[in-house]
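Spelled out, the chains give:
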Amino acid sequence: GKILISWIGRLQDKGKDLVAQATAANITLIDVTAVPRITIAQKLDVLSSQAKVAGHRAVVEATHAFGRFHTGEMTAAGKYPPSQSFVLGCGVAGLAAIGTLKALGSVVKAWDVRDVSDQCASMGAKWVTVDFKEDGAGAGGYAKESSDAFKQAQQDTFKKVLRDTDIAITTAAIPGRRSPLLITQDAIAVMKPGSVIVDLAAVGGGNCELTKLNEAFTTENGVTIIGYADLPARMANQSSSMYAQNMANLLKHVQGKDKGSFLTSMIGHLEAGESGDIVTRSIVCCRNGVGIKMPPPPQPTPAKPKVSPVAAKTKKAASPMSTAMCGAFTLTIGLLCMVGMGEGVKTSLLTTFLLAGAAGYQAVWGVAHALHTPLMSVTNAISGMTAVGGLLLFPRLGDNAAAKVLAMTAVLVSTTNVVGGFIVSQRMLNLFKKAGDQDWTPFLLIPGLVLMGVSIAHNDDSKTLGAVTSVSSLLCVAAIAALAAMSTANAGCKFGIIGVAGALTTTLVTLDAGLYFNVACLMLVGGFLGCIIGVNVSPIKLPQTVAAFHSLVGLAAMCTSIASFTLKPEKGVNVENIASVLGDFIGGVTLTGSIIAFGKLNGNLSSKPLNLPGKNLLNLSCLLTFFGLMGYFLVCGEGELGVQLLWTVAALSMFMGWHLVGSVGGGDMPVCITVLNSYSGWALVAEGFLLQSTALTIVGSLIGFSGAILTKIMCDAMNR
């Protein structure tokens, strides 16, 4: 038979007559207004879509009749206050009216028999409270009729509000019953001349006592009352567009994912009974000459009962005595370690190590969170001063081919890290630039050229070179401090460049002239490679590029440590040997750990953590093995055996770096990178103690301590 899809209103008297006629005529009748008020049916709800249009159009009609500003204005022609609006009934139409009125600049008050004050407040309307408690929520998401006592209380409240109101819009309707009376004749009498009332419930008799259906008129006291019933039709383009979308959604919903036609899906839902789609069973009024009873509207999900919060367990306060004793024990151990270091380390190196560590500890706390990644990039570039370690070995190389290869490798990769690292750092900082910003910090490189010139001019004056080295180290400290704020971050990057350039220059001028060609070739090749990488890497890959550069620092530290012992392979428990084995171990962990971190961040490796059986036991076994190898190296590591032990430590540390970082998920890689950044600093400290270099010790201590604190900051920020 025929199918009729139309706006019926099956629950109202006229709609019931139409359903009876369709049943008698053997027509399948679908009522689009009978869609239940449930979440999955919102996209089909023609009542809501047309109500939204009506609410918007009501404001347009009111504005036309009002004829004055909505927003407050202060002009040469006078001062004009904003309009005062009152929306009664905060369903779809009411909320649409509130939104439009607020957009126009009106001061809006709102009321509804249901407590929807939160929704109104979120749209900027002030909630009007009737001092009378009664639940106004009815079936199907509509309001129910109020008691007489409540009606009297609300009339008194409305009368007070309407006295100062310019525009009142009423939207309260109860399906199948007369619209509730909200604005009485007495309330209209106290309204200001020029005020406007738009009654969206005029079809049901009106919320206003004087409303005339489909008419607009002005009362004797100058109040305009509009009772148009065709407000959606006055925005035909918009209302038709929304209605058409509702119909398209209706057809899609009924058919769903079933194969076949809309008709077969509809019949299937009807024949399934209560297990069938509730939307289909609600909108189909009759079929094959038989009326179809509309299922009861689904009950709203009951609010979850409020659970009284469980009282948090009060932590037992630590005993002040035990806290003091623990602190005293920790401090004693720390002091003994420092004194023990002083037995074999020059006093000047130990002092600079401690002071630089304190400076790095303090400086990193003030760095803005947004600049943490640029900070890691700058400190990584500064840690490229491992080139200084390689250069200090050149005068001692002689004919030792193995040591020569290791030293040259250290210089090559360190230069790549320095040049590429600073380019990447500057590109990161450029991402923070706003349109029109100009960066004049490159002028700060001029003092760097002066510093390098002083080193070259006084290449035989150890005191002047020492002063330049100290200034260069201080500039590296200033680089971290300047990264505390965006306004000084670019200057911080330049401070780092000057500091590294000064330290490298003071080292270069002390070399024999015969070494200059080889060193220049290595540094030019390394710098060229760093430049190519730094310039061509994609902006979104800058953070993982920093991780890749960390691996170069680890490789350089490992090569320098092994090469230094190769040139003087003597056993003994001394600072040089301890620094060699520690620099070798830390460098190996940093090398492979950084490569794994880069692979995970760059997508070359799976971000899933590596879960080998007994991984914690494996890590502990590797660490104990390292301590065993270290002890054996210090006691018995003479000649070739010592070199082989260092290579064994290198292999073990590279395995540990692979396993430790591989066992961490991709989401925690930023924390791993900060840890590796700190490791590169400790590797530099080991080189500084090994080669008696003040610059390496200061910079290494600075990066080591600052990286450790940055790791804690990031762990706290990521709830790790």
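From a predicted model like this one, the values you see are computed outputs, not experimental measurements.

A. Quick peek at unusual backbone geometry. Of note in the backbone geometry, N26 takes a positive phi value of approximately 60° without being a glycine. Phi angles above zero are rare outside glycine, and N288 is one such case at about 55°. Along the polypeptide, N288 turns up in the loop between strand 12 (284-287) and strand 13 (290-291).

B. Representation of the sheet that holds strand 13. The 4 strands are arranged 1-2-12-13 in an open sheet whose pairing can be described as mixed. Of all strands in the sheet, those bounded by a partner on one side alone are strand 1 (3-6) and strand 13. Pairing geometry for strand 1 and strand 2 (residues 28-31), over 4 bridges, is parallel. Considered in strand 2, the bridge of S6 is made with D31. Packing against the sheet, helix 1 (residues 13-24) makes contact with strand 2, strand 12 and strand 13, and its axis sits at approximately 25° to strand 12.

C. Helix 8 (residues 262-271), seen in detail. Looking at helix 8, one finds that the buried residues are F262, S265, M266, I267, H269 and L270. Taken together, the buried residues of helix 8 touch strand 2, helix 7 (236-255), helix 9 (278-283) and strand 12. Backbone geometry just after helix 8 places G273 at a positive phi near 70°.

D. Highlighting the packing of helix 15 (residues 445-457) against helix 16 (residues 462-482). Between helix 15 and helix 16, the least distance of the axes is 9 Å, while the angle of their chain directions is 155°. Between helix 15 and helix 16, the angle is such that the two are roughly antiparallel. For the pair helix 15 and helix 16, the crossing hand works out as left-handed. Contacts between helix 15 and helix 16 involve L451, V454 and S455 from the first element and T464, L465, V468, V471, S472 and L475 from the second. Here the contact of helix 15 with helix 16 is composed, by residue class, of 6 nonpolar, 3 polar and no charged.

E. Region of the structure containing the environment of T129. Inspection of the secondary structure puts T129 in the loop between strand 7 (126-127) and helix 5 (148-162). We classify T129 as exposed; its relative accessible area is 58%. Taking the C-alpha atoms as reference points, T129 and W111, 18 residues apart in sequence, are found 7.1 Å from one another.

Thresholds, definitions, all that
Residues numbered from 1 in each chain as written. Predicted model: local features only at pLDDT ≥ 70, side-chain atom pairs only at ≥ 80, totals over all residues. Heavy atoms only, no water. Helix = DSSP H or I, 4+ residues; strand = E, 2+ residues; numbered from the N terminus. Pairing = 2+ DSSP bridges. Contact = heavy atoms within 4.5 Å. Axes fitted to C-alpha atoms, helices over the stretch in contact; angles between N-to-C directions. Buried < 20%, exposed > 50% of the residue type's maximum accessible area, 1.4 Å probe, protein only. Parallel < 35°, antiparallel > 145°, perpendicular 65-115°, else oblique. Left-handed = near helix turned anticlockwise from the far one by under 90°. Nonpolar A, V, L, I, M, F, W, Y, C, P; charged D, E, K, R; others polar.

What is shown is where atoms sit, not what they do.
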